[in-house]
Amino acid sequence: MTNRDVTATDGASSVQAALPDRLVAGARQFIAAARAERTRTAYAKSWAAFVGWCGAHGRTALPASADTIAAWMTDLAQAGRAASTINAMVAAVAVAHRTAGHPLDRKSPLIADVWKGIANETARAPRQARPMLAGDLKALLEDLRCRAPSDARDAALLALGWAAALRRSELVGLDWQATGTGTGSLSIDERGLVVTLNRSKASQGEAVTVVVPCADMPAACEAVRAWVDLAKLEPGTPVFRPVDKGQHIGTDRLTDRSVSRIIKARIWARAVAAGKSEVEADAMVESFSGHSLRAGYATAAASADVPAYRIQQHTRHKTAEMVNRYIREADKWTKSGLKGVGF
């Protein structure tokens, strides 16, 4: 967006004055703030990849023609990229075009047909994270009662992530009591835990509050209190921080990738302690990810017949579709078509 871009003509074709630089720059900032930082980073990488591809093939990147987009999508598919990845990368290119004033019609026959063919050819069962069920979480928390700093932190992270159905980025973005450099805050009172998300995947423009009543999930409240006291957290500082091998607590913030590593490490250790070989433990943890905590809550709630609207309210899914998927998966085990029939 430039001064010239926002200059327009009225009905009499008279040219209006250029807008002040501060307004043009401010508009750019608001455009950038319209999407989460992770989304902006992913879009930037996809756009850079597209520009590089166009340069290597002698094509114009902006504005790009439909046949250029179709050829790029084909190249990505032939290189083994997943359909979901290709879709996200094309979305990034479309946003770059729209921002530059060159709308890209993704529904044009050529692009649409190539996309449909890619989707059909690469169709596969979606990879879903194995949910960490209530029994799994309870067992892990019992293993972490020795209260070394790393144990206390991991217990708080696992229990809070599960109980509040938090995404990885939401979990590590929490600051204690007040938002500092993070994307939300965590506080605790006599009623329970209060998580305030200033920005999340489902809500970019409005803060969302998630509560964890101690009466309903005492394990989470106890784990968070223990970690806060041990780490001596100050208001406005990151809740979840690195702990080194000497059990020294750092001041930086964990990354969202740390959540997956912690989950896998704790499940691996428990599997080995239960008699599994290291090879068996390796295979087991492959099905778990940073999403396992959030999926675990949703699956456990569905198994307990918590109404779908209450699960959706707690998980903050925009639509009921994903919640219903958890319910259907849970029902396979708790409301099997063989119930009362099998022998």
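Below you will find a few notes about this structure.

Conventions used here
Residues numbered from 1 in each chain as written. Predicted model: local features only at pLDDT ≥ 70, side-chain atom pairs only at ≥ 80, totals over all residues. Heavy atoms only, no water. Helix = DSSP H or I, 4+ residues; strand = E, 2+ residues; numbered from the N terminus. Contact = heavy atoms within 4.5 Å. Disulfide = S-S within 2.5 Å. Buried < 20%, exposed > 50% of the residue type's maximum accessible area, 1.4 Å probe, protein only. Axes fitted to C-alpha atoms, helices over the stretch in contact; angles between N-to-C directions. Parallel < 35°, antiparallel > 145°, perpendicular 65-115°, else oblique. Left-handed = near helix turned anticlockwise from the far one by under 90°.

**Describing the environment of Pro 149**
Topologically, Pro 149 is positioned in helix 8 (residues 149-163). Here Pro 149 is in contact with Trp 227, Leu 230, Val 243, Gln 247 and Ile 249, once residues within four sequence places are set aside.

**Examining the state of the cysteines**
Going through the model one piece at a time under the given rule, you end up with one disulfide. The disulfide partner of Cys 214 is Cys 221, and the S-S distance across this bridge is 2.3 Å. Handedness of the Cys 214-Cys 221 disulfide follows from its S-S torsion of about -110°: it is left-handed. Taking the relative accessible area as the measure of exposure, Cys 221 reaches 1% and is therefore buried.

**Some details on the packing of helix 13 (residues 292-303) against helix 15 (residues 321-334)**
With their axes 8 Å apart at the nearest point, helix 13 and helix 15 run at an angle of 55° to one another. With respect to helix 15, the element helix 13 is oriented oblique. Helix 15 is crossed by helix 13, and the crossing has right-handed handedness. Here helix 13 contributes Ala 295, Ala 298, Thr 299, Ala 302 and Ser 303 to the contact with helix 15, which in turn contributes Tyr 326, Ile 327, Ala 330 and Thr 334.

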